[in-house]
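Survey of secondary and tertiary structure
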Amino acid sequence: MRIDYRIEHPVTLSARFEVEGFTVLLGASGAGKSLLLRAIAGLLPARGEPFDGLPAQRRAVGYLPQGYGLFPHLSAWRNVAFALRGQDRREQAMSWLERVHMTAHAERRPAQLSGGQQQRVALARALARRPRLLLLDEPTSALDPATREDVIAELIAEVHDAGIPALAASHDPALAAVADQLVLMHGRRIVQTGTPAEVHARPVNGAVARLLGHRNVHRGTVVDGRIRWNAAGVSLPLPVVMEEGTCVDWHIAPTDVGVHDAATAPPDALPAVCEVSQVAADARQFGMRCGNGRLWVQLPPGVSLPDRPALHLPVTAIRCWPREA
């Protein structure tokens, strides 16, 4: 489904992109993601396609706001039935709850449900409208870390099963990583679209790399044909030719940073001090202080951090983008 909208108030915002399957609109807080969803739902004055000119109640949209918007005084099935018409509303509501595996909790009120269960009830209510488009505003914001991945997987499976295109606004890289399509919003405009694999492989700028959750995205300036890392006060190799004085964002993956003992390190290696160790099931990463900057490094299993570490940044592993004003 083609989205083409322009908002003039309370801020100026324009967006044009395709929604395919489960599409995540990824952006920082204040980028305009929620405003765009509200405009598409007809809850904010705007012009665009689809649904241009239709009042909210006539738009074929299923809208899940932040917090899910369930009525606290109504049971789960009555919340779903609110979106229905006809004499058999309870029977229809129970059918939709069955689709999201919530019939056992039909009589419970929202306060008696977990965040993931509330989300499924809200999804059933949105689907009950038989929409052409699902809109989900920060669907992972109310989920605890222990259950988030399972709830995300269930949500995407249910959306795919319904066969309805969905647009989820989020700042969560974990949700973006499992999307069918990504739409990146920065500075109240769309800056990049593509599959998660495409966008992760080639972010168009440092802002996108930060949105995707990439570590080691820093600011610098081109001085004497090298990158002057502003925070650390050191010079790094410049991977591409840029004009002198250009302000840049640069990035290197933690796995690409070479970790050496200071006594045997390459001449241009940076002295570093370990500040923090982060241990996960499949990797160990270390936050290394270089001047006033920090670089994250990842070591292979079984490799220890030297007592006097020095970090080498290969020029072929550095990405660099001119920084927008």
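What you see is a predicted model; the values in this text were computed from it and never measured.

**Here's the deal with the side chain of Asn216**
Its location among the elements puts Asn216 in the loop between helix H8 (206-211) and strand S10 (217-223). A distance of 3.1 Å separates a polar atom in the side chain of Asn216 from the backbone oxygen of Ile252. Engagement of the side chain of Asn216 in a polar contact is seen with the backbone nitrogen of Trp296, the distance being 2.7 Å. In contact with Asn216, not counting residues within four places along its chain, are Trp250, His251, Ile252, Ala253, Pro254, Val257, Arg294, Leu295 and Trp296.

**Describing helix H4 (residues 115-128)**
With 14 residues, H4 extends 20 Å between its outermost C-alpha atoms, agreeing within 8% with the 20 Å of an ideal straight helix rising 1.5 Å per residue. The buried count for H4 comes to 13 of 14 residues, which makes it a mostly enclosed element. Residue Arg130 follows H4 closely and has a positive phi angle near 50°.

**Remarks on the sheet that holds strand S2 (residues 13-18)**
Across the sheet, 3 strands lie side by side as S2-S1-S4; this open sheet has antiparallel pairing. Each edge of the open sheet is held by one strand with a lone partner, namely S2 and strand S4 (47-49). Between one strand axis and the next, the sheet turns through 0° on average, direction left out of account. Sheet topology note: the strand S1 (residues 2-7)/S4 ladder contains 3 bridges and is antiparallel. Considered in S4, the bridge of Asp4 is made with Glu49. Relative to S1, helix H1 (residues 33-40) is tilted by about 105°, and along the sheet it contacts S1 and S2.

**Looking at the packing of aromatic side chains**
In this description, a pair of aromatic rings is defined by centroid distance and the angle of the planes. What the rule picks out here adds up to 2 aromatic pairs. With a centroid separation of 5.3 Å and 85° between ring planes, the pair formed by Trp229 and Trp250 is classed as edge-to-face. A residue pair is termed long-range when its members are at least 10 positions apart, and Trp229 in strand S11 (residues 226-229) and Trp250 in strand S13 (residues 247-251) qualify at 21 residues. We note that Trp229, like Trp250, is buried. Taking the ring centre of Trp77 as reference, the NZ or CZ of Arg90 above it sits at 5.0 Å. Lying over the aromatic face of Trp296, Arg215 brings its terminal NZ or CZ to 3.7 Å of the ring centre.

**As for the packing of H4 against helix H5 (residues 145-162)**
Where H4 meets H5, the closest approach of the two axes is 11 Å, and the angle between their N-to-C directions is 15°. In terms of orientation, H4 and H5 fall into the roughly parallel class. Note on packing geometry: the crossing formed by H4 with H5 is right-handed. Where H4 abuts H5, its residues Gly116, Gln119, Arg120, Leu123 and Leu127 lie against Val151, Glu154, Leu155, Glu158 and Ala162. Looking at the contact of H4 with H5 residue by residue, the class counts come to 5 nonpolar, 2 polar and 3 charged.

**A look at unusual backbone geometry**
The peptide bond linking His9 to Pro10 adopts the cis configuration, its omega dihedral lying at 10°. With respect to the secondary-structure elements, Pro10 resides in the loop between S1 and S2. Cis rather than trans, the peptide bond between Glu49 and Pro50 has omega equal to 0°. Within the element layout of this structure, Pro50 appears in the loop between S4 and strand S5 (61-64). Of note in the backbone geometry, Arg188 takes a positive phi value of approximately 60° without being a glycine. Within the secondary structure, Arg188 is located in the loop between strand S8 (181-186) and strand S9 (189-194). You will see that Asn216, though not glycine, has its phi angle at about 65°, which is positive.

**Side note on the environment of Thr246**
Structurally, the position occupied by Thr246 is in the loop between strand S12 (234-237) and S13. Discounting chain neighbours no more than four positions away, the residues touching Thr246 are Gly220, Thr221, Val222 and Pro322.

Parameters at a glance
Every chain begins its residue count from 1, and numbering advances along the sequence as written. This being a predicted model, a pLDDT of at least 70 is required before a residue's local features are given, and a value of 80 or more before pairs of side-chain atoms are given or counted; all residues contribute to the totals for chains, interfaces and linings. Note that the side-chain values use all heavy atoms of the structure and ignore hydrogens as well as water. To qualify as a helix, a DSSP run of H or I must reach at least 4 residues; to qualify as a strand, a run of E must reach at least 2; elements of each kind are numbered from the N terminus. Side-chain atoms alone can form a polar contact between residues adjacent in sequence; in general such a contact is a pair of N or O atoms within 3.5 Å, and within protein one must be able to donate a hydrogen while the other accepts it. Residues count as neighbours in contact if any of their non-hydrogen atoms are within 4.5 Å of one another. What a helix is expected to span follows from its residue count: subtract one and scale by 1.5 Å. Each residue gets one of three labels from its accessible area relative to the maximum for its type: buried under 20%, exposed over 50%, partly exposed in between, using a 1.4 Å probe on protein chains only. Note: two strands are recorded as paired if DSSP finds a minimum of 2 bridges between them. Where helices are involved, their axes are fitted lines through C-alpha atoms of the stretch in contact, as for all axes, and angles between N-to-C directions lie from 0 to 180°. By convention, a stacked pair of Phe, Tyr or Trp rings (six-membered ring in the case of Trp) has centres within 6.5 Å and planes under 30 degrees apart, an edge-to-face pair has planes over 60 apart, and any other such pair is tilted. Two limits define a charge over a ring: the Lys NZ or Arg CZ must be within 6 Å of the ring centre, and within 35 degrees of the ring normal. By definition in this entry, angles of less than 35 degrees are roughly parallel, angles greater than 145 are roughly antiparallel, angles of 65 to 115 are roughly perpendicular, and the rest are oblique. Take the far helix as your reference; a near helix turned counterclockwise from it by less than a right angle gives a left-handed crossing, and one turned clockwise gives a right-handed crossing. Polar here means any residue outside two lists: the nonpolar Ala, Val, Leu, Ile, Met, Phe, Trp, Tyr, Cys and Pro, and the charged Asp, Glu, Lys and Arg; Gly therefore counts as polar.

Any functional reading would require information that these geometric values do not contain.
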